[in-house]
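# Residue-level structural notes
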Amino acid sequence: MNLSAAQAASAGSDFNGAATSDAFIPVDRDIEVSVTLRLKDPATVTAAVTGSVTPPGKSARDVSFDFRPSPASKATETTITGRFGIGKDDPAGDWKLNVSVPRDSGTGNNAFVLNVSGKQGITSGGVTPNPVRLVKGKDVKVSVKASVTDAGSVSAKLISEESNESYDLGDLERGSDGYYRGSTFFSDDTPPGDWTLEVYANRGGQSLKGISSFTVVAPVGGASKKAKVRITIKAPAKVRKGASVTVSGKVYRGSKGFPKKNLEVYFKTKGTKTYKLLRFVKTNSTGKYARSFTMKNDGYFRVKAPGTSKTRSALSPQEFVDVR
């Protein structure tokens, strides 16, 4: 998900444009983050680029850059990356970055301000409707809404406390109001009783989990006698614009692969409300499927297995693809 990157408030004369960084305060352990700059005239740099970064109210710490001089270079610009440490007790806010660039004409001192974002957090989460009242012969839509701050991605699962049944919603979508949302459908044979919503916030290899309770009520007249179907899905998290991605997974009927099942592949462009049918795909003899698509926009894939007189319909988790 495209969160705001830390950017330079001003650029030094040795660099073009702004500096960018993935800097944030970690939840529970020290981490290393990077800052990227576009160095002018790299062939005229005579020694290693050095730097330091200073958090508000704290001492400066070294920034280690990957650039090494290359007098034979003919490039007018090159991208260099520096790395520095951030701890869980460091302050968020504006950090001062200073970068020294040695040249024959003298050493240039370049000052930047990096905005380091705060710790990710989960402040609320819930399920609608609550309770979920199942209906014989029909699927009931269940929606999730969560308030999460400073996360890279947010996902959710719905888990029965009385059985091993669960629904994986996959990546939740961040709306214009800042809330993360997702949905799935409960079939009429979903186990009744106490359930738990688990919301996961992920960023930079660190995860947080928030939980909330809800209840499922059995359908009047009992469940229908159709077989349960389940779909898994995977796709690359990030791709270049115009590149091809493969959406793949497996469909299960009961505990076994569902062979020769016709599936519908849907896509929803980020920021829109409606999924659109892209293609059909059929599972192989073991229940696996795969289909390639050319990516133009950020968005979400889902795969549906339509119901029949003998099997229930099923919907995969939501899978987000970030197009760069």
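A quick note: this is a predicted structure, and the numbers were derived from the prediction, not measured.

About the thresholds
- Residues numbered from 1 in each chain as written.
- Predicted model: local features only at pLDDT ≥ 70, side-chain atom pairs only at ≥ 80, totals over all residues.
- Heavy atoms only, no water.
- Pairing = 2+ DSSP bridges.
- Helix = DSSP H or I, 4+ residues; strand = E, 2+ residues; numbered from the N terminus.
- Phe/Tyr/Trp six-rings, centres within 6.5 Å; stacked < 30°, edge-to-face > 60°.
- Buried < 20%, exposed > 50% of the residue type's maximum accessible area, 1.4 Å probe, protein only.
- Lys NZ or Arg CZ within 6 Å of the ring centre and 35° of its normal.
- Contact = heavy atoms within 4.5 Å.

### Structural notes on the sheet that holds strand β10 (residues 132–133)
Taken in spatial order, the 5 strands of this open sheet run β10-β17-β16-β12-β13, and their pairing is mixed. Of all strands in the sheet, those bounded by a partner on one side alone are β10 and β13 (166–171). In terms of strand pairing, strand β12 (residues 153–160) meets strand β16 (residues 193–203) through 8 bridges, oriented antiparallel. Bridging across to β16, leucine 158 finds its partner in leucine 197.

### Side note on the packing of aromatic side chains
The geometry of an aromatic ring pair is captured by two quantities: the separation of the ring centres and the angle between the planes. One pass over the structure, following the stated rule, counts 10 aromatic pairs. On the numbers, 5.8 Å between centres and 70° between planes, the contact of phenylalanine 15 with phenylalanine 112 is edge-to-face. Note that phenylalanine 15 is positioned in strand β2 (residues 15–21) and phenylalanine 112 in strand β8 (residues 106–116), a separation of 97 residues in sequence. Note on phenylalanine 15: relative accessible area 4%, which makes it buried. Taking 5.1 Å as the distance between ring centres and 40° as the angle between the ring planes, the aromatic pair formed by phenylalanine 186 and tryptophan 195 counts as tilted. Through a chain of ring-to-ring contacts, the aromatic side chains of Tyr167, Phe186, Trp195 and Phe214 assemble into a single cluster. Geometry around tyrosine 179 places lysine 145 over its ring, the cationic atom sitting 4.1 Å from the centre. Cation over ring: arginine 230 sits above tyrosine 252, and NZ or CZ is 4.4 Å from the ring centre.

### Quick word on the side chain of serine 183
Summarising the element assignment, serine 183 is placed in strand β15 (residues 180–186). Judged by relative accessible area, serine 183 falls into the buried class, the value being 18%. The residues contacting serine 183, other than those within four sequence positions of it, are Lys141, Val142, Ser143, Leu169 and Arg302.

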